[in-house]
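Each chain, written out:
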There are 2 protein chains.
Amino acid sequence: MTETEPVGFIGLGIMGRSMALHLLEGGHSLVVYNRTRQKALPLLDRGATWASSPADVAARCAVVFTIVGFPHDVEEVYLGPNGLISNARSGMLFVDMTTSSPALAVRIAEAAAVRGAVSLDAPVSGGDKGAREGTLSIMVGGDPTAFNRVLPLMRLMGKNIVHQGPAGSGQSCKLCNQIVIAGTMIGVCEALAFARRSGLNLDRMLQSIGSGAAASWTLQNLAPRILAQNFGPGFYVKHFIKDLRLAMEWAKQKGLDLPGLRTVLARYEALASRPGGENLGTHGLYLLYDSSPFLPPSH
Amino acid sequence: MTETEPVGFIGLGIMGRSMALHLLEGGHSLVVYNRTRQKALPLLDRGATWASSPADVAARCAVVFTIVGFPHDVEEVYLGPNGLISNARSGMLFVDMTTSSPALAVRIAEAAAVRGAVSLDAPVSGGDKGAREGTLSIMVGGDPTAFNRVLPLMRLMGKNIVHQGPAGSGQSCKLCNQIVIAGTMIGVCEALAFARRSGLNLDRMLQSIGSGAAASWTLQNLAPRILAQNFGPGFYVKHFIKDLRLAMEWAKQKGLDLPGLRTVLARYEALASRPGGENLGTHGLYLLYDSSPFLPPSH
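Everything quoted here is computed from the prediction, not taken from an experiment.

Novice: What am I meant to see in the side chain of Ser125 of chain B here?
Specialist: Residues and elements named next belong to chain B. With respect to the helices and strands, the residue Ser125 is situated in strand β7 (residues 124-125). Exposure remark for Ser125: the relative accessible area of 9% places this residue in the buried category. Contact partners of Ser125, with chain neighbours within four places excluded, come to Leu136, Ser137, Met139, Lys174 and Asn177.

Novice: Can you help me understand the interface of chain A and chain B in this one?
Specialist: In many analyses, interface size is given as the accessible surface area lost on bringing the parts together. Listed per partner, the contact involves 60 residues of chain A and 60 residues of chain B. Both sides of the chain A and chain B interface together cover about 4,800 Å² of buried area, and 65% of this is carbon and sulfur. Counting across the chain A and chain B interface gives zero salt bridges. Where chain A touches chain B, the interface holds 25 residue pairs in polar contact (both at pLDDT 80 or more). Contributions of two or more residues to the side of chain A that touches chain B are made by β8 (136-141), β9 (158-165), α8 (169-197), α9 (202-209), α10 (217-221), α12 (237-253) and α13 (259-272) of chain A. Considering every element that reaches the side of chain A that touches chain B, the biggest residue donor is α8 of chain A, with 20 residues. Residue composition of the side of chain A that touches chain B, grouped by class: 31 nonpolar, 23 polar and six charged.

Novice: Help me understand the nonpolar core in this model?
Specialist: The nonpolar side chains of a soluble globular protein tend to be buried, and buried together. Judged by nonpolar contacts, the single largest core of 99 residues is most densely connected at Phe194 and Tyr268 of chain A together with Phe194 and Tyr268 of chain B. With sequence-adjacent residues up to four places away left out, Tyr268 of chain B is seen in contact with Met185, Val237, Phe240, Ile241, Leu244, Thr282 and Leu285 of chain B.

Novice: Please explain helix α7 (residues 144-157) of chain B as it appears in this structure.
Specialist: Each α-helix turn comprises 3.6 residues. Residues three or four places apart therefore point the same way. All names here are of chain B. Here α7 is 14 residues long and its end C-alpha atoms lie 19 Å apart, about the 20 Å a rise of 1.5 Å per residue gives. Maximum bend of α7: about 55°, positioned at Leu151, with proline Pro152 one to four residues after it. Among all positions of α7, only Ala146, Phe147, Val150, Leu151, Leu153, Met154 and Met157 are buried. At the N-terminal boundary of α7, the capping side chain belongs to Asp143, with an oxygen 3.3 Å from the backbone nitrogen of Thr145.

Novice: When you look at the environment of Ala59 of chain B in this model, what are you seeing that I'm missing?
Specialist: Here Ala59 of chain B lies in helix α3 (residues 54-60). Residues Ala59 of chain B and Phe94 of chain B, spaced 35 residues apart in sequence, show a C-alpha to C-alpha distance of 13 Å.

Novice: Hey, could you run me through the state of the cysteines in this one?
Specialist: Note: disulfide means a covalent bond formed between the sulfur atoms of two cysteine side chains. All chains considered together, the criterion is met by zero disulfides over all chains. Free of any disulfide, Cys189 of chain A has its nearest neighbouring cysteine sulfur in Cys176 of chain B, separated by 13 Å.

Novice: How should I be thinking about the pairing of β9 of chain A in this particular structure?
Specialist: Remark: a regular strand shows side chains that alternate across the two faces of the sheet. Residues and elements named next belong to chain A. Counting buried residues along β9, seven of its eight residues qualify, which places the element largely inside the surrounding structure. Two elements, β8 and β9, share six bridges in a ladder whose sense is parallel. Pairing of Ile138 across the sheet is with Ile161, part of β9. Running through helix α7 (residues 144-157), the crossover from β8 to the neighbouring parallel element β9 is right-handed.

Novice: Sorry, what's going on with the side chain of Gln178 of chain B here?
Specialist: For Gln178 of chain B, the position within the fold is in helix α8 (residues 169-197). In terms of polar contacts, Gln178 of chain B uses its side chain to reach the side chain of Asn177 of chain B, at 3.0 Å.

Novice: I'm lost on α9 of chain A in this one. Help?
Specialist: Of all the positions in α9 of chain A, only Leu202, Met205, Leu206, Ser208 and Ile209 of chain A are classed as buried. For α9 of chain A, the angular spread of the buried residues around the axis is 160°, confining them to a single face. Against the buried residues of α9 of chain A lie α8, α10 and α11 (223-227) of chain A together with β8 (136-141), β9 (158-165) and α8 of chain B.

Novice: For this particular structure, what's the right way to read the pattern of salt bridges?
Specialist: Two side chains bearing opposite charge may form a pair once their charged atoms approach each other closely. Residue and element names in this part refer to chain B. On inspection of all chains with the given rule, the structure shows 20 salt bridges over all chains. Note that Lys242 and Asp243 form a salt bridge whose closest N and O atoms lie 3.5 Å from each other. Looking at Asp243, the relative accessible area reads 1%, which means it is buried. Between Arg245 and Glu269 there is a salt bridge, with its nearest N and O atoms 2.9 Å apart. Placement of Arg245 in helix α12 (residues 237-253) and of Glu269 in helix α13 (residues 259-272) is noted, with a sequence separation of 24 residues between them. You can call Glu269 partly exposed: its relative accessible area is 30%.

Novice: Teacher, can you tell me more about unusual backbone geometry here?
Specialist: If a residue is not glycine, its phi is most likely negative; likewise, a peptide bond is most likely trans. Geometrically, the link from Pro233 of chain A to Gly234 of chain A is a cis peptide bond, its omega value of 15° lying close to zero. Structurally, Gly234 of chain A is set in the loop between α11 and α12. The residue Gln229 of chain B is not glycine, and still its phi comes out positive at about 55°. Examined against the element boundaries, Gln229 of chain B turns out to sit in the loop between α11 (223-227) and α12. Overall, the relative accessible area of 30% leaves Gln229 of chain B in the partly exposed class.

What counts, and at which threshold
Residues numbered from 1 in each chain as written. Chains lettered and ligands numbered in written order. Predicted model: local features only at pLDDT ≥ 70, side-chain atom pairs only at ≥ 80, totals over all residues. Heavy atoms only, no water. Helix = DSSP H or I, 4+ residues; strand = E, 2+ residues; numbered from the N terminus. Buried < 20%, exposed > 50% of the residue type's maximum accessible area, 1.4 Å probe, protein only. Contact = heavy atoms within 4.5 Å. Buried area = accessible area lost by both parts, 1.4 Å probe. Salt bridge = Lys/Arg side-chain N within 4 Å of Asp/Glu carboxyl O. Polar contact = N/O pair within 3.5 Å; in protein donor to acceptor, adjacent residues only side chain to side chain. Nonpolar A, V, L, I, M, F, W, Y, C, P; charged D, E, K, R; others polar. Core = buried A, V, L, I, M, F, W, Y, C linked by side-chain atoms within 4.5 Å. Expected span 1.5 Å × (residues − 1). Bend = angle between axes of the 7 residues up to and from the residue. Disulfide = S-S within 2.5 Å. Pairing = 2+ DSSP bridges. Right-handed = clockwise from strand over helix to strand, strands pointing away. Arc of directions from axis to C-beta.

Shape is all these values report; function is a separate question.
Structure representation (C-alpha cells):
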C-alpha cells in the first residue's frame, strides 16, 4: 500500500492508542474508531480522522487494525450488524491484535474470505511499555501473502514479528505465552510467601535465586514490585483471567488436560472474587498467600 | 584457617567431586570420605587422603564439608553413631551443602552447639555445570562468624554466596528456588504441549515468546532440549521430587497452603511412577502431556 491510503484503527485503549500513534508518526493517514470517542482525541489532535462505526472505518480504508477488550468485543466489531465483515470489499485486509479466541480468529478469517477479504490474527505481548516504545512481539496467524503485505505497518509497532501459521495460530501462540507466565507467576508468588513465612529476608533471598535456574522476567520485574507492596497493573488480573480461560477452553477442545493452568486460573478467580481483586496487577496473586503483606519481613 | 590444616569433604557424587577438586586446586589438603570409595579415586590420585568414616574425617579435620543425597543421608552422616557430631571437638565447623530439610539443619546446628562446634546449612544451585566451573550460588544459614570464617573456602566453589540468616535459612532459601522452578517448569511444559496440540511450529512459537514477559532460564535452556527430544538429566526427577516434598512439608508446618506447588509435585509423582520416569531430567515433565513426543510437529 502507499502512504496516501488511509489505515483504519479500531480500539484506542492503553495499547491501541500507542500503536496507532506509531502508524501516524510513520507517515500514514489514519481513520480511527473507539467506543468512547474521548480516547481518540489525542490522535485526532495529531491529524487522525474520526469514523462513526466499524462499518464507517471499513468504508474508508483498505487495511484495518483492531485491538479491543474481550472476544465478544472482537465478535461485535467484526461480525456485528455494523461491523467490518458485512462491509468488507474484495482485497481488504483486517488485522485483529486483541488477545482472543483461536476459534473466533478462524471464524472471522473464513467470513472475510467469503467477501474476498483477508483477516489476520496478530496478538501482541510486551505490554503498555512495548506499545509505547514500538517493541511489541507480534504473533501472526493467517494468509502469508497478507502477512507480507502488512509487515511494513507492523514494523512500526513491533520488533519481534513472527508468522506462526494459518488463521488462529497467532492466538494459539499468544495463549502459550500466557500459560508460561501463569506457571512462572504462581511459582514466584508461592516462593515469596514461603520465604516470608520462613522468616527469610526477601531481598537476600532474591539475591541468591535471581540469577540461576529460577531466573525469569517475572522474578526479575514483578518480585521487586511485590516486595515494594506495589500491586497495581502492569497487566490486569481481569484480562489475565480472560486469557487463561481462553487457553483452558482451547485445550479442552483439543482434549488436552492442563492441571497447572487449571490450578493457576482457580487461584486468579479466587483473587478476582475479592473486592478490588480483578483490578490488581497479575502479581497481586501474592496477596492470596500472605494476609499481612504490609508487615516488614521478620529480620 | 591456614592452608596446611586439612579440610574434610564427605560426599563425592557429581556435585561433590567437582567442589572438592576446587578446594584441592585452591591449595588445601583434603581428607575425603564417600559411601562408595571408587568415586574418591580421581581425588585420591590428586593427593587427597582417604578417611574410613565420617568419624574418621572429624578426627582429622577442623572444617568439614558435606554434600550427600537425601535428608536421611545427612542425618546419618551427622547424627549417626559413627557420625560427625558425636566425634566433634570444640571449635569445629561443619558445612552441609546437601539440599535438605530446614528443620534438620536446625537440629544439627543445635547438636553441634552442644559440643562447642558450629554447623552451617549451605545448599547450592547451579547444577553440575556450576560445580565444575566454580560458579555455584551458595545459600548459607547459621552463625555469621562461622560464615565469615569459611567464606574463603566457599569462594573456591561458588560465585554468588549469600548469608541468608540463622540455621535453616540456607535450606529455606534453596526450597524457594525449587518452588519457583516448579511453577516455571509446569508453565513451560504445558505451553509446549498446548502449542503442539494447536499445530504450531514449536521453534517459531519459542521465537515469539522467548524474549518477553514469558522469558525464563527454564524456557531458554530446557524448552530446546524438549524440542530435541533429549529428556536426560540435567537435574533428576527423583531429586526434584525430594526437594518439592521438603518444601511441601515445611510449608505445611508453617500453616502455608501452596496449591501450585502441590499440583506440580503430584505431576512429578505421576511421572516418577512410570518406568524410568524418576531418572529423567526435570523437563521430562513434558512427557505427561504428549504421548507422541517423537513425532515431528504438524507443520
